[in-house]
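The primary structure of each chain is shown beneath.
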Amino acid sequence: MKEQLEQIKQQALCALDAAATPADLEELRVRYLGKKGELTAVLKQMGSLSAEERPVMGQVANSVRAVIEEKLESRKSEIGAAVLEAKLASEAIDVTIPGEPVTMGHEHPMNQVLQQIKDIFVGMGYQIVDGPEIELADYNFTRLNIEEGHPSRDRSDTFYFDDEDKVLLRTQTSPMQIRYMENHKPPLCMLAPGRVFRKDEADATHSPMFHQIEGLVVAENITMGDLKGALITIMHKIYGHDANVRFRPHHFPFTEPSCEMDMQCHKCHGTGEVNGGVCSTCHGEGWIELLGAGMVHPEVLRNCGIDPDKYSGFAFGIGLERTAMGRLKINDLRLIFDNDARFLNQF
Ligand code: DAH
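Quantities reported herein were computed from a predicted structural model and do not represent experimental measurements. (Residues numbered from 1 in each chain as written. Predicted model: local features only at pLDDT ≥ 70, side-chain atom pairs only at ≥ 80, totals over all residues. Heavy atoms only, no water.)

1. So, the domain arrangement of the chain
Phase 1: Annotation of the chain at the domain level lists domain 1 (2-90) and domain 2 (109-344).
Phase 2: Here domain 1 and domain 2 have C-alpha centroids that lie 95 Å from each other. (Domains from an automatic or database assignment.)

Okay, here's the thing in structure tokens:
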């Protein structure tokens, strides 16, 4: 029996030395020390021993159990430490690896130009106002002296909401002239930037949604000279003092006389040609139309309760995308709306 116990001890110590994981240790604990384990099996034979032998064997058995338990504990802490070390090594964080840079967005290039234009006008005493994009035909057309049947009212050009053509997506920011004059008496000086909508196919210079900046000045003794002076000053501030601009006579129902202002094409510098071909930015014109303007029609003043014999005024509507294209030297208007980060990041 003594040899049996000695054998169990040696086997158990060897097996515990060879164990590699906590699961191995648990298996060995059950095998040698468990209720159905090998040591217990030997102890069950104690009854067959003589009264003198029994306590001696009992002592031997207890010491074998104690040795195995001690070994088990020491292997537990060794294996536990190894497991922890492996875990720490595999989960180690290298604090010296450089971090990922946080990418910050910035203002859209068109809004940068808009902000610059607003600043210029605020400096000249204009009040900046906002108005509805869903507009009444009454404001968008009728009170601007655009009669029934005028081509700009056509369903092929305008997004209407109703069958009677009374409610629409504004086709221009000019209705803001009426809205402002309804609530303000001259002298007045306002600027109304905003989105406008037309049934246009998108190409290099057109989009079904674009931006205009409406301006209106009404006071006593305002003349065409004031209009020209204000617009030239503004264009020089935006484009620099060597910018080439020109006025052309035009017709708008809500101004009399009316004109358009062009700026020399930034791509072909007015020649209309690039590398022997037609300049795609100005379609060979050499000039890019930036705005419509004119002296406010007396009928429009009257429609807003302002006496045209006492007051006169000028108005203008600037195309923001066209202005931004010239300012940023962009050749295709669609780039402004594509939101391609490779384009936007250049500004
Ligand atoms: N609303 C015109 C357009 O969309 C532009 C315009 C022309 C605005 C003359 C004006 C103006 O204020 O006086 O084509």
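2. Re the site of the ligand
Phase 1: For the ligand, the set of nearby residues contains 15 residues, the closest of which are Gln172, Ser174, Arg198, Gln212 and Glu214.
Phase 2: Gln177 places a side-chain nitrogen or oxygen 3.0 Å from an oxygen atom of the ligand.
Phase 3: Side-chain polar atom of Gln212 to an oxygen atom of the ligand: 2.9 Å apart, as the coordinates give it.
Phase 4: When the ligand sits alone it has 360 Å² of accessible area, and the protein chains cover 90% of it.
Phase 5: For the shell around the ligand, the elements supplying multiple residues, two or more each, are strand S5 (209-219), strand S10 (287-296) and strand S11 (312-319).
Phase 6: Broken down by class, the residue content of the shell around the ligand amounts to five nonpolar, eight polar and two charged. (Near = heavy atom within 4 Å. Polar contact = N/O pair within 3.5 Å; in protein donor to acceptor, adjacent residues only side chain to side chain. Areas by Shrake-Rupley, 256 points an atom, 1.4 Å probe, with all protein chains shown as cover. Helix = DSSP H or I, 4+ residues; strand = E, 2+ residues; numbered from the N terminus. Nonpolar A, V, L, I, M, F, W, Y, C, P; charged D, E, K, R; others polar.)

3. Digging into the environment of Gly225
Phase 1: Tracing the backbone shows Gly225 in helix H8 (residues 224-239).
Phase 2: Given the relative accessible area of 49%, Gly225 is considered partly exposed.
Phase 3: Distance from Gly225 to Phe314, taken between C-alpha atoms, is 9.9 Å for residues 89 residues apart in sequence. (Buried < 20%, exposed > 50% of the residue type's maximum accessible area, 1.4 Å probe, protein only.)

4. Overview of the packing of aromatic side chains
Phase 1: Summed over all chains, the structure comprises five aromatic pairs.
Phase 2: Geometrically, the ring pair formed by Phe343 and Phe347 is edge-to-face, given 5.1 Å between the ring centres and 65 degrees between the ring planes.
Phase 3: Ring-pair connections join several aromatic residues into one group, and the members of that group are Phe121, Tyr126, Phe314 and Phe316.
Phase 4: Its guanidinium or amino end placed over the ring of Tyr139, Arg143 lies 5.2 Å from that ring's centre, counting from NZ or CZ. (Phe/Tyr/Trp six-rings, centres within 6.5 Å; stacked < 30°, edge-to-face > 60°. Lys NZ or Arg CZ within 6 Å of the ring centre and 35° of its normal.)

5. A closer look at the side chain of Asn140
Phase 1: Its place among the elements puts Asn140 in helix H6 (residues 137-140).
Phase 2: The exposure class assigned to Asn140 is buried, which follows from its relative accessible area of 0%.
Phase 3: At 2.9 Å, the side chain of Asn140 and the side chain of Thr171 are in polar contact.
Phase 4: When residues no more than four places from it in sequence are discounted, the contact partners of Asn140 are Glu135, Ile146, Leu168, Arg170, Thr171, Gln172 and Pro175. (Contact = heavy atoms within 4.5 Å.)

6. Concerning unusual backbone geometry
Phase 1: Residues Pro186 and Pro187 are joined by a peptide bond in cis, for which omega reads 5 degrees.
Phase 2: When you line up the elements, Pro187 lands in the loop between helix H7 (175-183) and strand S4 (188-197).
Phase 3: At the junction of Glu256 and Pro257, the peptide bond is cis and its omega measures out at -5 degrees in the coordinates.
Phase 4: Here Pro257 shows up in strand S7 (residues 255-264).
Phase 5: Positive phi outside glycine occurs at Asn145, with the angle close to 70 degrees.
Phase 6: Mapped onto the fold, Asn145 is located in the loop between H6 and strand S3 (167-169).

7. A few points about the sheet that holds S7
Phase 1: Within the open sheet, the seven strands sit side by side as S1-S4-S5-S11-S10-S7-S6. Their pairing is mixed. With partners counted over all chains shown, the strands left at the sheet margins are strand S1 (127-128) and strand S6 (245-252), one partner each.
Phase 2: In the packing of H7 onto the sheet, contacts are made with S1, S4, S5 and S11, and the angle to S4 comes to roughly 140 degrees.
Phase 3: Where helix H10 (residues 320-328) meets the sheet, it contacts S5, S10 and S11, and its direction lies at approximately 65 degrees from that of S11. (Pairing = 2+ DSSP bridges. Axes fitted to C-alpha atoms, helices over the stretch in contact; angles between N-to-C directions.)

8. Details of the pairing of S7
Phase 1: Most of S7 sits inside the fold, with seven of its ten residues counted as buried.
Phase 2: When S6 meets S7, the two strands line up antiparallel, connected through seven bridges. Paired with Arg246 across the two strands is Asp262, which belongs to S7.
Phase 3: Where S6 hands over to S7, the hairpin turn is made up of two residues, counted between the paired strands.

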